[in-house]
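# Residue-level structure breakdown
Chain by chain, the residues run as shown.
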Amino acid sequence: MADTVSRLREAAEDLLLIQGQAGTTLRDITERAGANVASVSYHFGSKDALLAEVFGALLQEATTIQQRRLDALPDEASLEDVVRVWLTPALPAQGRDPREARLWTIIHRGMTERAPGLLAQADAVRPLVEQHLIERLAARLPHLSREELMVRHAATLAATAALGSQGVEVFLSSDPGTHLADRLVTWIVGGLRAPATP
């Protein structure tokens, strides 16, 4: 049987997937982990610290996956190719590794609900995003400053996270022939190529 710390982390991750941070209680975590309430305080300090640590690990894992994908692109890859890799997490999970689908579901949910644990960890992955994604985008969009690229990156993340939220599929399901990935890439590339904010 896994040690208490591992069980608490696994339970917290499961609950973030099922209930989100707002719906997850200390009692939920400890019951799912088969641990006592004091163990969270002893090992992590608080429920919020545990959830922030779990979000941090998920963000790091997801960022590493994306980093590998971007690094695998040839230097001469088009903006469309970079955006397609960038969007991979937002696209339907058919054929995707179950672990990766799980990571992005939790992250998107955390983004949608503005989960404090996720927000507390976002700065930790910012340097990786800037080094691997923003550098690629900047090479193809020299008319945009790094700050403008970060704003457009954040807006794209928010928009694609919303695609996973309930209710959006109502608008998408009216056209069963939709090629969602192609449409998203076209839309995002268009937004990225737009003039810089004055």
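Preceding this section is the structure that the text describes.
Throughout this document, residue positions are counted from 1 along each chain, in the order its sequence is written. Local features are withheld for residues below a pLDDT of 70 in this predicted model, meaning they are given only at 70 or higher, and side-chain atom pairs are given and counted only at 80 or more; totals for whole chains, interfaces and linings count all residues. Excluded from the side-chain calculation are hydrogens and water; included are all heavy atoms of the structure.

## Examining the overall build of the protein
Secondary structure elements follow DSSP: runs of H or I of four or more residues count as helices, runs of E of two or more count as strands, with numbering from the N terminus. Helices and strands together make up the secondary structure of the protein, namely 10 helices and zero strands. When the helices and strands of the protein are placed in sequence order, the string is α-α-α-α-α-α-α-α-α-α. Only heavy atoms matter for contacts: two residues are in contact if any of them lie within 4.5 Å across the pair. In the protein, the share of contacts with a sequence separation of at least 24, taken over all contacts with a separation of at least 6, comes to 69%.

## Focus: the environment of Glu13
With respect to the helices and strands, the residue Glu13 is situated in helix α1 (residues 4-18). For Glu13, a relative accessible area of 12% gives the class buried. As a C-alpha pair, Glu13 and Leu58 span 45 residues in sequence and 8.7 Å in three-dimensional space. If sequence neighbours within four positions are ignored, Glu13 has contacts with Val54, Leu58, Arg99, Arg102 and Ile106. To sort residues, take the accessible area from a 1.4 Å probe on protein chains only and compare it with the maximum for the residue type: under 20% means buried, over 50% means exposed, and anything in between is partly exposed.

## Side note on the pattern of salt bridges
The term salt bridge refers to a pairing of a side-chain nitrogen on Lys or Arg with a carboxyl oxygen on Asp or Glu at a separation within 4 Å. Counting across every chain of the model gives 11 salt bridges. We note a salt bridge from Arg32 to Asp14, for which the minimum N-O separation is 3.3 Å. Pair noted here: Arg32 is in helix α2 (residues 26-33) and Asp14 is in helix α1, with a separation of 18 residues, a long-range link. You can call Arg32 partly exposed: its relative accessible area is 44%. As a salt-bridge pair, Glu100 and Arg69 come within 2.7 Å of each other at their nearest N and O atoms. Of this pair, Glu100 sits in helix α6 (residues 98-112) while Arg69 is found in helix α4 (residues 47-72), placing the two residues 31 residues apart along the sequence. Under the relative-accessibility criterion, Glu100 is labelled buried at 5%. Look at the salt bridges and you will find they share partners, linking Glu13, Asp14, Arg32, Glu61, Arg99 and Arg102 into a network.

## As for the side chain of Gln21
When you line up the elements, Gln21 lands in the loop between α1 and α2. Take Gln21: its relative accessible area is 7%, and that puts it in the buried class. Within the structure, Gln21 has its side chain in polar contact with the backbone nitrogen of Gly117 (distance 2.9 Å). Within 3.5 Å is the distance limit for a polar contact, defined as a pair of N or O atoms, with the added protein rule that one can donate a hydrogen and the other accept it, and that residues adjacent in sequence qualify only through two side-chain atoms.

## Some words on α1
Here α1 is 15 residues long and its end C-alpha atoms lie 21 Å apart, about the 21 Å a rise of 1.5 Å per residue gives. Taken as a whole, α1 has its buried residues at Val5, Arg7, Leu8, Ala11, Ala12, Glu13, Leu15 and Leu16. Summarising the contacts, the buried residues of α1 are in contact with α2, α3 (37-44), α4 and α6. Where α1 begins, the side chain of Asp3 points an oxygen toward the backbone nitrogen of Val5, at a separation of 3.0 Å. In this analysis, the expected span of each helix is defined as 1.5 Å times one less than the number of residues it contains.

Everything listed here is a matter of coordinates, which is why it stays silent on function.
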